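Structural description and commentary
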Amino acid sequence: MNRLIELHLHLDGSLRPDTVWELANEQGIDLPLHSLEEVRNQMRVPENCKTLEEYLERFDLPLLVLQKADALERVTFELVEDLAKAGVEYA
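Position labels on residues start from 1 in each chain and follow its written sequence. Totals for whole chains, interfaces and linings use every residue, but because this is a predicted model, local features are given only for residues with pLDDT of at least 70 and side-chain atom pairs only at 80 or more, for both listing and counting. As a rule here, side-chain values cover all heavy atoms of the structure and leave hydrogens and water aside.

**Describing the environment of Ala 91**
- Tracing the sequence through the fold places Ala 91 in the segment after β2 (88-90).
- Between the C-alpha atom of Ala 91 and that of Arg 3, which follows or precedes it by 88 residues, the distance is 11 Å. Counting from the N terminus, the helices are the DSSP runs of H or I reaching at least four residues and the strands are the DSSP runs of E reaching at least two.

**Some points on the nonpolar core**
- Grouped together as the largest cluster of nonpolar side chains are 13 residues, with contacts concentrated most on Leu 15, Val 20, Val 39, Met 43, Leu 61 and Val 65.
- Among the secondary structure elements, those contributing two or more residues to this core are α1 (17-27), α2 (36-43), α4 (60-65) and α5 (69-85).
- No other element matches the 3 residues that α1 contributes to this core.
- In contact with Leu 61, not counting residues within four places along its chain, are Val 20, Leu 31, Pro 32, Leu 33, Val 39, Gln 42 and Met 43. Put simply, a nonpolar core is a bunch of buried Ala, Val, Leu, Ile, Met, Phe, Trp, Tyr and Cys residues held in one set by side-chain atoms that sit within 4.5 Å of each other. When a residue's accessible area, from a 1.4 Å probe over protein chains only, is under 20% of the maximum for its type it is buried; when over 50% it is exposed; and in between it is partly exposed. The contact criterion used is simple: two residues touch if any of their non-hydrogen atoms lie within 4.5 Å.

**Examining the environment of Glu 78**
- Along the chain, the position of Glu 78 falls in helix α5.
- Looking at Glu 78, the relative accessible area reads 9%, which means it is buried.
- Along the primary structure Glu 78 and Trp 21 are separated by 57 residues, whereas in three dimensions their C-alpha atoms are 14 Å apart.
- When residues no more than four places from it in sequence are discounted, the contact partners of Glu 78 are Arg 16 and Thr 19.
- A polar atom in the side chain of Glu 78 sits 2.9 Å from the side chain of Arg 74. Each polar contact in these results corresponds to two N or O atoms within 3.5 Å; when the atoms are within protein, one needs to be able to donate a hydrogen and the other to accept it, and residues that are neighboring in sequence are counted only if both atoms are side-chain atoms.

**Examining the pattern of salt bridges**
- Here a salt bridge means any side-chain nitrogen of Lys or Arg lying within 4 Å of a carboxyl oxygen belonging to Asp or Glu. Here the structure, examined in full by the defined rule, presents 8 salt bridges.
- Where Glu 78 meets Arg 16, a salt bridge forms, and the shortest distance between an N and an O atom there is 3.7 Å. One end of the pair, Glu 78, is in helix α5; the other, Arg 16, is in the loop between β1 (4-5) and α1, with 62 residues separating them in the sequence.
- Arg 74 is paired through a salt bridge with Glu 26; the nearest N and O atoms lie 3.8 Å apart. Separated by 48 residues along the polypeptide, Arg 74 in helix α5 and Glu 26 in helix α1 bring together distant segments of the chain.
- Ionic contacts of the salt-bridge type, sharing partners, join the residues Arg 16, Glu 22, Glu 26, Arg 74, Glu 78, Glu 81 and Asp 82 into one network.

**Describing the packing of α1 against α2**
- Only the stretch in contact is used when a helix axis is fitted, and all axes are lines through C-alpha atoms; the angle between N-to-C directions ranges over 0 to 180 degrees. Where α1 meets α2, the axes come as close as 9 Å, and the angle between the chain directions of the two elements is 120°. Taken together, the axis directions place α1 and α2 in an arrangement best described as oblique. Crossing handedness for the pair α1 and α2: right-handed. Where α1 approaches α2, its residues Pro 17, Asp 18, Val 20 and Trp 21 are matched on the opposing element by Leu 36, Val 39, Arg 40 and Met 43.
- The residue classification treats Ala, Val, Leu, Ile, Met, Phe, Trp, Tyr, Cys and Pro as nonpolar and Asp, Glu, Lys and Arg as charged. All others, Gly included, are polar. Each residue belonging to the contact of α1 with α2 can be placed in one class, and the counts come to 6 nonpolar, no polar and 2 charged. In these notes the angle categories are as follows: under 35 degrees is roughly parallel, over 145 is roughly antiparallel, 65 to 115 is roughly perpendicular, and the rest is oblique. If you view the pair so one helix is near and one far, a crossing is left-handed when the near helix is turned anticlockwise from the far one by less than a right angle, and right-handed when it is turned clockwise.

Following this line, the structure appears as C-alpha cells:
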C-alpha cells in the first residue's frame, strides 16, 4: 500500500488564488491586481524563474491576507481539505 506524504510545504505558499481574492475583498485590501486571473498569474511561479527574489515575490499576495486570525484559520482548513482530496495522509 502506497501512502502519500507531504514532507515540506508552507501555508503562505499553499493558498487557493480565489481565497486570496476573496480575503482581500473582505479585508478591504486594495490589491495591485484587478481580477482573479491576475491573482492566479501573480501567485504562479514561472517556468523561467531565474532568481530567488522572483520566486519569493509569489508569496507577497498571500502574506497580505494572512494577517488576521480568521484568515489563518480558513486557509489552514482549506489546505488540509486540499491535501485530503489529493490523498495525502500526512503533512
